[in-house]
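Chain and residue survey
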Amino acid sequence: MSALARLSVAAAAATFMTAPASAQNVNLDPTYGTINLRAGFSDDPRLVELSSGGSIQASTISSSCRGYIANAPDVRVYYSAGSLPLLFSVASSADTTLVINAPNGRWYCNDDGASGLNPSIRFNNPSSGRYEVWVGTYGSSSLRTAVLGISELYDDIAELAESGGGSSSGGRPDYTLDPNYGTARLRSGFTPDPHRVRLQSGGSIDASVLGNPCRGYVSRAPDYRVDYVSGRLPLNISVQSSSDTTLVINGPDGNWYCDDDSGGGLNPSIRFDTPRSGQYDIWVGTYGSARLESAILDISELYSN
């Protein structure tokens, strides 16, 4: 049985940043090894079985940090960033904490930002470089069994374990989150047309939770946001990809719009004949799998794939 399948304590993401400090020795060899990752890495989430805890109070780094941690890092991650977020979370039956020294030299700590007793730290715009990671035990220096998850898809590996370790982490797409690939402000008659965005489809959430006809696996945050001022032209939103992709859009009216194969072949397309002005939050999904796939999002008043 995998490390993920053996654990079932839920956690959610919350992150706090502290001022630079020099409490732990970031240059010591990590106790549980070094991981080299590039944006879009496979086997997501990457899991490391370890023991949380240590003899040093994390509060010596900052009053925002909690738990007891070791002097040496538990895990070192060399990461080459792309356009995706970088997510660290822990699954354990104990009350755990996270302490991370990021490539910018700053310390990031979390405790109980989750629904349970597990921590999670999210870097929305991660830097390339070295991440030193400590997993702490809250309230005690005793070592406790834990799993560290490193992901670009999953905020919460404990929640993933509760769902049975499948391709979906549960939950719903959340249009209040910052989009993964940015925001555009477009006025009717915009040029160039189409407005084009290269991204990766897919994510951990099954879009069918929104109801029929929503399909595919999407991220929790929107992939792209368009603040649009309408005119007399229609608005076409479509995808080009060699993979089977889907579209999910939350429109200015608050309604969800979904499509699978209307763009020809396995590509989706959604047309608003009389579009409203306002915010369009857009997700590009991968059909049948949470795997990330290369795709191009097109936003046009003239063309529809």
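The rules behind the values
- Residues numbered from 1 in each chain as written.
- Predicted model: local features only at pLDDT ≥ 70, side-chain atom pairs only at ≥ 80, totals over all residues.
- Heavy atoms only, no water.
- Pairing = 2+ DSSP bridges.
- Helix = DSSP H or I, 4+ residues; strand = E, 2+ residues; numbered from the N terminus.
- Axes fitted to C-alpha atoms, helices over the stretch in contact; angles between N-to-C directions.
- Core = buried A, V, L, I, M, F, W, Y, C linked by side-chain atoms within 4.5 Å.
- Buried < 20%, exposed > 50% of the residue type's maximum accessible area, 1.4 Å probe, protein only.
- Contact = heavy atoms within 4.5 Å.
- Disulfide = S-S within 2.5 Å.
- Salt bridge = Lys/Arg side-chain N within 4 Å of Asp/Glu carboxyl O.

As a further point, take the sheet that holds strand β23 (residues 293–300). Spatially, the 4 strands line up as an open sheet ordered β14-β23-β18-β21, and their pairing is antiparallel. Each end of this open sheet is capped by a strand with a single partner; those strands are β14 (195–201) and β21 (269–272). Sheet twist, expressed as the mean angle between neighbouring strand axes with direction ignored, is 15°. Pairing geometry for strand β18 (residues 235–240) and β21, over 4 bridges, is antiparallel. Across the sheet, the residue bridging to leucine 235 is phenylalanine 272, located in β21.

Tyr224, Val226, Ile237, Leu247, Ile282, Leu297 and Ile299 are the most contacted members of the largest nonpolar core, which totals 28 residues. Contributions of two or more residues to this core are made by β13 (183–187), β14, β17 (224–229), β18, β19 (245–250), β21, β22 (278–286) and β23. Not counting chain neighbours up to four residues away, the residues in contact with isoleucine 282 comprise Pro222, Asp223, Tyr224, Val226, Ile237, Leu247, Val248, Ile249, Leu297 and Ile299. Leu37, Leu50, Leu86 and Ile121 belong to the second-largest nonpolar core, a separate cluster that totals 23 residues.

Examined against the element boundaries, valine 284 turns out to sit in strand β22. Not counting the four nearest positions on each side in its chain, valine 284 is found in contact with Leu199, Ser201, Gly202, Tyr217, Val218, Asp223, Val239, Thr245, Thr246, Leu247, Ala295 and Leu297.

Enumeration over the complete set of coordinates arrives at 2 disulfides. Disulfide pairing is shown between cysteine 214 and cysteine 258; the S-S distance is 1.9 Å. Disulfide cysteine 214 to cysteine 258: torsion about the S-S bond roughly 70°, handedness right-handed. Pair noted here: cysteine 214 is in the loop between β15 (205–206) and β16 (217–218) and cysteine 258 is in strand β20 (residues 256–259), with a separation of 44 residues, a long-range link. Taking the relative accessible area as the measure of exposure, cysteine 214 reaches 2% and is therefore buried. On the basis of relative accessibility, which here comes to 13%, the residue cysteine 258 falls in the buried class. Sequential numbering of the bridged cysteines in the protein chain gives the disulfide pattern 1-2, 3-4.

The next thing to look at is the pattern of salt bridges. Side-chain pairing between opposite charges can occur once the charged atoms of the two side chains come close. Scanning the entire structure with this criterion turns up 8 salt bridges. With its nearest N and O atoms 2.9 Å apart, the salt bridge here joins arginine 122 to aspartate 155. Of the two residues, arginine 122 is situated in strand β10 (residues 120–123) and aspartate 155 in the loop between β12 (144–151) and α1 (157–162); the sequence distance between them amounts to 33 residues. Its relative accessible area of 13% is what places aspartate 155 among the buried residues. The closest approach of N and O atoms between arginine 130 and glutamate 132, which form a salt bridge, is 2.4 Å. The class for arginine 130 is partly exposed, based on a relative accessible area of 26%.

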